[in-house]
Amino acid sequence: MLILVLSVIPKHAISRGAGWLATRTVPVRWRGPAYRTYSRIFGARPEEAALPLEQYPSVNAFFTRTLRPGSRPLAADAIVSPVDATVGAYGVIESDTLVQAKGRNYSLAALLGDRELADRFDGGTYTTFYLSPKDYHRIHFPLSGKVTAATYIPGELWPVNVAAVANVANLFAVNERIVIEVDGERGGRVAIVAVGATMVGMTRLAFDDLHTNARRREVRRRRYDPALPASAGAELGHFEFGSTVVLACSRDAGTIEPLSVGATVRMGERLGAPSAVPPADGS
């Protein structure tokens, strides 16, 4: 019934409205009590926030908060988790297929909006991360290298909770999203796909003005020449309210090690091993 209702309501307009509301200034005297109440309800950890609660002028500012230094130690010589999240899926990429949920698969080429790019990942590994309202909502680079491209792909704004993932066909490949391509410093490529959702005001990048929930409804591609430097653990962008990240890793970039569906991860934790051999030309 919920999916039927969501199929007819104006999800983009509602999400833009939610984003607008979340940026309204909260009176200083209400901020601490409001954010602590939010944290108790959803299980967030306000003690990790970089600033005193009273210094966050809006719900959105609190939601997209940075963390105290040292809150997320970075695993050395590893592909690291780009987010705090729950694992929604893990597997090997075979025949352009990723698992969305039990009994539901979808196309990597459709997700990335690029068949040739998708072919680069055949035989590689992937994982899906779901960020709930309790989670830290900044996205970070999973390894060091160079950002070669970012693409905004318009689409729907279905929710990305368990019920929607189980019932909406090709959800991640039909929701609007931003695809970030990174060439690893030791070779290979990773794709970080930030998927928009209902009530996510916007998904923003730290290095470009591309964002989701835009009023423009065409694909927008950015190719960076020269490529932009990326360091493992450096900030890539953030979600304004919860959503999903799909991380795909080519075989020559390294391997994401097996992850259990439902497991929790924190940004900076080891996910797997990067390629052991740098490119022959040193690039």
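Quick notes on the rules
- Residues numbered from 1 in each chain as written.
- Predicted model: local features only at pLDDT ≥ 70, side-chain atom pairs only at ≥ 80, totals over all residues.
- Heavy atoms only, no water.
- Helix = DSSP H or I, 4+ residues; strand = E, 2+ residues; numbered from the N terminus.
- Buried < 20%, exposed > 50% of the residue type's maximum accessible area, 1.4 Å probe, protein only.
- Contact = heavy atoms within 4.5 Å.
- Areas by Shrake-Rupley, 256 points an atom, 1.4 Å probe, with all protein chains shown as cover.
- Pairing = 2+ DSSP bridges.
- Axes fitted to C-alpha atoms, helices over the stretch in contact; angles between N-to-C directions.
- pLDDT = per-residue confidence, 0-100.

A.B. asks: Which parts of the structure should I look at to understand the overall build of the chain?
C.D. replies: Along the chain, the regular secondary structure elements total eight helices and 16 strands. When the 283 residues of the chain are sorted by exposure, 53% land in the buried category. For the chain, contacts bridging at least 24 residues in sequence account for 76% of all contacts bridging at least 6. With the model as given, the accessible surface of the chain reaches about 12,600 Å², and the carbon-plus-sulfur share is 57%.

A.B. asks: Quick question: what am I supposed to make of the sheet that holds strand β2 (residues 85-92) here?
C.D. replies: Strand pairing in a sheet relies on backbone hydrogen bonds, with the paired strands running either antiparallel or parallel. Taken together, the eight strands give an open sheet; going across it, the order is β11-β7-β8-β9-β13-β5-β2-β15, and neighbouring strands pair in antiparallel fashion. Among the strands making up the open sheet, the edge pair consists of β11 (220-230) and β15 (264-265). With six bridges connecting them, strand β5 (residues 125-130) and strand β13 (residues 244-249) associate as antiparallel partners. By the bridge assignment for β13, Thr-127 is matched with Leu-247.

A.B. asks: Just to check I follow, could you spell out the sheet that holds strand β12 (residues 235-239) for this structure?
C.D. replies: Pairing is antiparallel in the open sheet, where three strands are placed in the order β6-β12-β10. A strand with exactly one partner marks an edge of an open sheet, and here the two such strands are β6 (138-140) and β10 (203-205). If you compare each strand with its neighbour and ignore which way they point, the axes differ by 25 degrees on average. Relative to β12, β10 runs antiparallel, the two being bridged by three bridges. Among the inter-strand pairings, Thr-203 is bridged to a residue of β12, identified as Phe-239.

A.B. asks: Please explain the confidence of the model for the chain as it appears in this structure.
C.D. replies: The predicted structure's coordinates, where accompanied by low pLDDT, should not be read in detail. In the predicted model, the chain carries a mean pLDDT of 88, and the fraction of residues at 70 or more is 88%. Averaged pLDDT values over the elements of the chain bottom out at 47 in helix α1 (residues 2-8) and peak at 98 in strand β1 (residues 79-80). Low confidence marks residues 1-8, where pLDDT is under 50. Its contacts with residues over four positions away, or in another chain, come to eight contacts.

A.B. asks: Help me understand unusual backbone geometry in this model?
C.D. replies: Excluding glycine, a negative phi dihedral is what most residues carry, and trans is how most peptide bonds are arranged. Cis geometry is found at the peptide bond from Asp-225 to Pro-226, where omega equals 10 degrees. Inspection of the secondary structure assignment puts Pro-226 in strand β11. Notably, Asp-77 is not glycine yet its phi reads approximately 45 degrees, a positive angle. Tracing the backbone shows Asp-77 in the loop between α4 (59-63) and β1. On the basis of relative accessibility, which here comes to 52%, the residue Asp-77 falls in the exposed class. Although it is not a glycine, Asp-96 sits at a positive phi angle of roughly 65 degrees. With respect to the helices, strands and loops of the structure, Asp-96 is situated in the loop between β2 and β3 (97-101).

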